[in-house]
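# Structure assessment
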Amino acid sequence: MDTQVQVREIEELVANGRKDDAVRALSALSSVDIHDADFHRRLADLAEAAGHGPLLAYELNLAFRDDPSDVELLRRLAQVHNDAGRPERAVKCWRAVTERVPSDADAWEELGLLLTELGRDEDARDVFENALRATNDRRFKARVREAARSASATEDSADLPSDAVVARFVSIFGGREGVYARQYAGANGESGYTPVREPFTHDVAQRHLLGSHTVGIYPLRADNTVNFAAIDLDLTKPVVDRAGPDSPVWRTAMVRMLEYAGSIADAGAECGVHVYLEDSGFKGIHCWVFFATPLPGRFARLLTDALLERAGSPPHDVSVERFPKQAAIRLDALGNLIKLPMGIHRRSGRRSAWLDPQGVRIEDGAAHLLAIRRTEHDAVHAMLDTRFPRVHDDDGQDDGDGPPFDEARATAHTVEYRPETDFDLQTVLTRCATLRELVRKSEIDRHLSHEEALVLVHTVGHIPSGPQAVNAVLGRCPGVDPSMRMKSRLRGNPMSCPKIRAKIPHVTSLVPCDCQFDPGAGLYPTPILHIEHHDGPGPPDVQALRLEGIVQDFLRAHKSLHDAQHLYDTSAARLGEMLDAAGVDHFDTPLGKVRRIRDEAGAPNFQLEV
Ligand code: SF4
């Protein structure tokens, strides 16, 4: 039957009050291929008259497809979605209206009020502030005040996460020092981030967990190490643009994504790498790995490569990003950020959630957070070894620190001062791997750079016996400017850990420079806090401290020996293979002639003839 005839019949049905028949006839009409906005407006009017919301929305969408300049269609759609209990879609429509007609104060107000109803007070406040700027309408001044009041009321009334949860959150997600990013939902419905040049503190994390703002972190720290790596899986743009979250296309793609995320977690589990899954709150899943101690960014990237390689190709409708995105960055750059879990996605309004291995949202996210297991470097390297058996070495990993403090030499430079009995000094050296490494360097290399000496002076120089201790170390290093020798103890603020990492990243990236201090002191971490926070019972036991330091050195030296042996074995095997393949017994290299020799038992070895 001719379409126009069908439409006239529907009009008659509506006019005669036969609404059910009209809806049946409208449903049977195939209108999608007709590109005529007026035609769809007419059908939309009929659907409205027949009282059928879904058909009304359907035809309004088609009308808007054919006449995107008709903002009135967007207003009607917003109303329809709102009436049908789809406020998020209504928000999207109102945003589109404000984008096209920024002077439309009513549309701004509808949008802001809708967000308020959804409990998104911070977003509502942003909208009212934008509305005030765009329209200069005074009604928005009061709206901004109201939204700000309810935002703080929401925060006050929400369940406060415990200090332990917040401290854990700050600890495992610590990234670039002195900065974090805040997510916002823009007027066009897209979300973005604004860098905030302040430390990621207990308070910032608490507000994120409460949902009053949403934080992103730049994973690479100033010394180019990371506390975590992540793989970000997202639906591709065509899926997001074409289908809404309730559509079968979206849901099917999410199921495929979840299966793929499970494969990544399984790949990690095979090598002892703990992978944690998180529904990011909108259109993706994050796969997180947390490290026991900071890992150089380049190894974190190799790890994400290895996980993806083992998991196989992602589904066609899933895009993949890795964090950190850079192996290293300049000090004046930040790299790319990633949104943190357990907060609210400002665009969707949904809270992100941890997922169990079956992809089910975990209700008690705080308990899950506290139970997270950090991955040891050994597991990372074991996984990398399976991928790069001949290339990967442990350069940049934790090395042995060597002996702690050479008492005999120190004594030679300080007649009465005895560092081995100095509780403050021993505490700092035992607890701060960076300062211990500097002391080791002075003892083994007999050299400290100007920056390294500065770090020593502006940390150890603050303890009561600081001048003697610093002078003992500097005295071993003939290259250090004698004017740096100390005459009296320094007062004021000792150098902070972030500043130390920025000054000597080549040292801090070699040691576990990742101490966690009491949240109350977290605003200003410095090695000297290790002394101030000693609150053990009874007088300080310096021998116990020294024993702790020696055990730490022993464990790290043991690891270094193991790593060195591994590097020696793999490189020797590779050299042997290359000589065999070439049918020769030596190579000429820029470093000299490498010759294979055999010991008395006939075992192969190599020597370098310079
Ligand atoms: S975090 Fe601070 S105290 Fe800990 S090793 Fe690094 S510089 Fe030392």
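Our subject in this report is the structure included herewith. Note that the coordinates shown come from a computational prediction; the quantities given were computed from them, not determined experimentally.

Bringing the overall build of the chain into the picture now. Each helix and strand in the chain was counted, giving 25 helices and 12 strands. Evaluated residue by residue, the chain yields a buried proportion of 50% over its 610 residues. Summarising the internal contacts of the chain: among those between residues at least 6 apart in sequence, 67% fall at separations of at least 24. As presented, the chain carries roughly 29000 Å² of accessible surface, and 52% of it is formed by carbon and sulfur atoms.

Below, the discussion takes up the pairing of strand β4 (residues 225-235). Most of β4 is tucked away: 11 of the 11 residues are buried. Where β4 and strand β6 (residues 284-296) come together, 9 bridges link them in antiparallel fashion. Paired with isoleucine 231 across the bridge in β6 is cysteine 287. Where β4 and strand β7 (residues 318-323) come together, 6 bridges link them in antiparallel fashion. When the sheet's bridge partners are listed, aspartate 234 is paired in β7 with serine 319.

Before going further, it helps to spend a moment on the packing of aromatic side chains. Throughout the structure, instances matching the rule amount to 10 aromatic pairs. With 6.0 Å between their ring centres and 10° between their planes, tryptophan 288 and phenylalanine 290 make a pair best called stacked. Across this residue pair, the class does not change: tryptophan 288 and phenylalanine 290 are buried. Ring-pair connections join several aromatic residues into one group, and the members of that group are Phe169, Phe173, Phe200, Phe228, Tyr276, Trp288 and Phe290. Lying across the ring of phenylalanine 299, arginine 298 places its NZ or CZ 4.6 Å from the centre.

Enumeration over the complete set of coordinates arrives at 33 salt bridges. Of the charged contacts in the structure, one is a salt bridge between aspartate 70 and arginine 41, with a shortest N-O distance of 2.9 Å. One end of the pair, aspartate 70, is in the loop between α4 (53-66) and α5 (71-83); the other, arginine 41, is in helix α3 (residues 37-49), with 29 residues separating them in the sequence. The burial state of aspartate 70 is the same as that of arginine 41; both residues are buried.

Turning next to helix α21 (residues 466-474). Among the 9 residues in α21, 8 count as buried, and that is most of the element. Along α21, the residues classified as buried are Gly466, Pro467, Ala469, Val470, Asn471, Ala472, Val473 and Leu474.

It is worth spelling out the sheet that holds strand β9 (residues 353-355) at this point. With antiparallel pairing, the 5 strands of this open sheet are ordered in space as β7-β4-β6-β5-β9. Taken across any chain shown, the strands that pair with only one partner, and hence form the sheet edges, are β7 and β9. The sheet shows a mean angle of 25° between the axes of neighbouring strands, direction not considered. Here strand β5 (residues 276-279) runs beside β9; their pairing, made up of 3 bridges, is antiparallel. Note on β9: the bridge partner recorded for leucine 277 is leucine 355. Relative to β4, helix α13 (residues 248-269) is tilted by about 150°, and along the sheet it contacts β4, β5, β6, β7 and β9. Of the strands in this sheet, β4, β6 and β7 touch helix α14 (residues 297-311), which is tilted by about 140° from β6.

Another point: unusual backbone geometry. Residue proline 324 is reached from phenylalanine 323 by a cis peptide bond, and omega for that bond is 5°. Along the chain, proline 324 turns up in the loop between β7 and β8 (338-339). With a phi close to 60°, asparagine 224 is a non-glycine residue in the positive phi region. As for its position among the elements, asparagine 224 is in the loop between β3 (215-217) and β4.

All residues in the neighbourhood of the ligand are listed as Cys432, Ala433, Thr434, Cys497, Arg501, Cys513, Asp514, Cys515, Pro527 and His530. Contributing elements (two or more residues each) for the shell around the ligand: α19 (433-444) and α22 (497-503). Residues that form the shell around the ligand fall into these classes: 6 nonpolar, 2 polar and 2 charged.

Looking now at the environment of aspartate 422. Mapped onto the elements of the fold, aspartate 422 is located in the loop between α17 (407-413) and α18 (423-431). Classification of aspartate 422 by relative accessible area gives buried; the value is 10%. Put simply, aspartate 422 and alanine 469 are 47 residues apart on the chain and 9.1 Å apart in space, counted from C-alpha to C-alpha.

Let us look at the nonpolar core. Grouped together as the largest cluster of nonpolar side chains are 45 residues, with contacts concentrated most on Ile10, Leu26, Leu43, Leu46, Leu60 and Trp94. If we ignore the near neighbours within four places in the chain, the residues touching leucine 26 are Ile10, Leu43, Leu46, Ala47 and Leu55. Met257, Ala265, Phe291 and Met383 belong to the second largest nonpolar core, which has 40 residues in total.

Let us now look at the pairing of strand β12 (residues 604-609). Pairing of strand β11 (residues 592-598) with β12, which is carried by 6 bridges, proceeds in the antiparallel orientation. Bridging from a neighbouring strand, isoleucine 597 pairs with asparagine 605 of β12. Count of turn residues in the β11/β12 antiparallel hairpin: 5 residues, of which glycine 602 carries a positive phi of about 85°.

The subject of this paragraph is the sheet that holds strand β1 (residues 180-185). Strand order in the open sheet made by the 4 strands is β2-β1-β3-β8, with antiparallel pairing throughout. Both outer strands of the open sheet, β2 (191-196) and β8, are each paired with one neighbouring strand and no more. As defined by bridge partners, β1 adjoins β2 across 6 bridges and the pair is classed as antiparallel. Bridged to tyrosine 184 within β2 is glycine 192.

Together, Leu547, Val551, Phe554 and Leu555 make up a nonpolar patch on the protein surface, roughly 420 Å² of accessible area in all. Note on placement: leucine 555 falls in helix α25 (residues 542-582).

Rules and cut-offs
- Residues numbered from 1 in each chain as written.
- Predicted model: local features only at pLDDT ≥ 70, side-chain atom pairs only at ≥ 80, totals over all residues.
- Heavy atoms only, no water.
- Helix = DSSP H or I, 4+ residues; strand = E, 2+ residues; numbered from the N terminus.
- Buried < 20%, exposed > 50% of the residue type's maximum accessible area, 1.4 Å probe, protein only.
- Contact = heavy atoms within 4.5 Å.
- Areas by Shrake-Rupley, 256 points an atom, 1.4 Å probe, with all protein chains shown as cover.
- Pairing = 2+ DSSP bridges.
- Phe/Tyr/Trp six-rings, centres within 6.5 Å; stacked < 30°, edge-to-face > 60°.
- Lys NZ or Arg CZ within 6 Å of the ring centre and 35° of its normal.
- Salt bridge = Lys/Arg side-chain N within 4 Å of Asp/Glu carboxyl O.
- Axes fitted to C-alpha atoms, helices over the stretch in contact; angles between N-to-C directions.
- Near = heavy atom within 4 Å.
- Nonpolar A, V, L, I, M, F, W, Y, C, P; charged D, E, K, R; others polar.
- Core = buried A, V, L, I, M, F, W, Y, C linked by side-chain atoms within 4.5 Å.
- Patch = residues over 30% accessible without salt bridge, like charges linked within 9 Å, V, L, I, M, F, W, Y side chains within 5 Å.

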